[in-house]
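Listed here are the chains, written in short residue letters.
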Amino acid sequence: MESTPLLIVDAANVVGSRPDGWWRDRAGATARLRDTLVPVGGRGVPPEVSPPVEVVLVVEGAARDVPGVDGVRVVAADGCGDDAVVELVATGGDRRRVVVTADRALRDRVTALGAEVYGPRWLRG
């Protein structure tokens, strides 16, 4: 059994949670989010998620070409980003799976599969 928690971040939802002009440069805003996630693998998200953590950022649309970096794996959704998040949760095995999104429909889908869900503010806090 894998013991490292899997933290899955719904990039479009988290980026869109702040009215900071992200709509002018979606890829740039997503890359900035990715970069803020790099230290999470080593420090976790206290107090709820202790390190080490595998961090996965799910991207879609105009942000599809944002590459992964050391510490953050980027998954480009073939279609709907929500479906990619659900697939990651479904294939995450027995380990702890934590999803960051404010999307209520996505929250329902992933909690039905045993994932925990936190909102964007929790991650950015």
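Calculation notes
Within every chain, residues take consecutive numbers counted from 1 along the sequence as written. A pLDDT threshold of at least 70 governs which residues receive local features in this predicted model, and a stricter bar of 80 or more applies before side-chain atom pairs are shown or counted, although totals over entire chains, interfaces and linings include all residues. With hydrogens and water excluded, all non-hydrogen atoms of the structure serve as input to the side-chain values. One bridge is not enough; two strands pair if DSSP finds at least two bridges between them. The numbering of helices and of strands both runs from the N terminus, where a helix is a DSSP run of H or I of at least 4 residues and a strand a run of E of at least 2. For helices, the fitted line uses only the C-alpha atoms of the stretch in contact; every axis is such a line through C-alpha atoms, and the angle between N-to-C directions lies from 0 to 180 degrees. Categorising residues by exposure relies on relative accessible area from a 1.4 Å probe, with only protein chains included: less than 20% of the type maximum marks a residue as buried, more than 50% marks it as exposed, and the intermediate range marks it as partly exposed. Two residues form a contact once any of their heavy atoms are found within 4.5 Å. Any Lys or Arg side-chain nitrogen located within 4 Å of an Asp or Glu carboxyl oxygen qualifies as a salt bridge.

### Describing the sheet that holds strand β2 (residues 54-59)
Read across the sheet, five strands follow the order β3-β2-β1-β4-β5 without closing on themselves; strand pairing throughout is parallel. Edge positions in the open sheet fall to β3 (73-76) and β5 (116-118), since each of these has one partner strand only. Between one strand and the next, the sheet's axes are offset by a mean angle of 25 degrees, whatever the strand orientation.

### Here's the deal with the pairing of strand β1 (residues 6-10)
In terms of residue burial, β1 counts as a mostly covered element, since five of its five residues are buried. Residues Leu6, Ile8 and Asp10 line one face of β1 and the alternating positions Leu7 and Val9 line the opposite face, and both faces are buried. Where β1 meets β2, five bridges bridge the pair, whose relative direction is parallel. When the bridges of β2 are listed, Leu7 appears paired with Val55. In the sheet, β1 pairs with strand β4 (residues 97-100) via four bridges, with the strands oriented parallel. Bridge pairing links Leu6 to Arg97 in β4.

### Considerations on helix α4 (residues 81-90)
Along α4, seven of the 10 residues are buried, which leaves the element largely enclosed by surrounding structure. Turning to α4, its buried residues are Gly81, Asp82, Ala84, Val85, Val86, Leu88 and Val89. Buried residues in α4 make contact with β1, β2, β3, β4 and α5 (104-111).

### As for the pattern of salt bridges
Per the stated rule, a full pass over the model turns up five salt bridges. The salt bridge partner of Arg109 is Asp83, with a shortest N-O separation of 2.9 Å. In this pair, Arg109 is assigned in helix α5 and Asp83 in helix α4, connecting sequence segments 26 residues apart. Among the residues examined, Arg109 registers a relative accessible area of 35% and is labelled partly exposed. Taken together, the shared-partner salt bridges connect Glu54, Arg73 and Arg95 into one network.

### Comments concerning the environment of Val98
As for its position among the elements, Val98 is in strand β4. Excluding its chain neighbours within four sequence positions, the residues that come into contact with Val98 are Leu6, Leu7, Ile8, Val49, Glu116, Tyr118 and Trp122.

### What to know about the environment of Asp83
Residue Asp83 is classed as partly exposed on the basis of its relative accessible area of 41%. Residues Asp83 and Val58, 25 residues apart in the sequence, show an inter-C-alpha distance of 10.0 Å.

These figures capture arrangement, not role.
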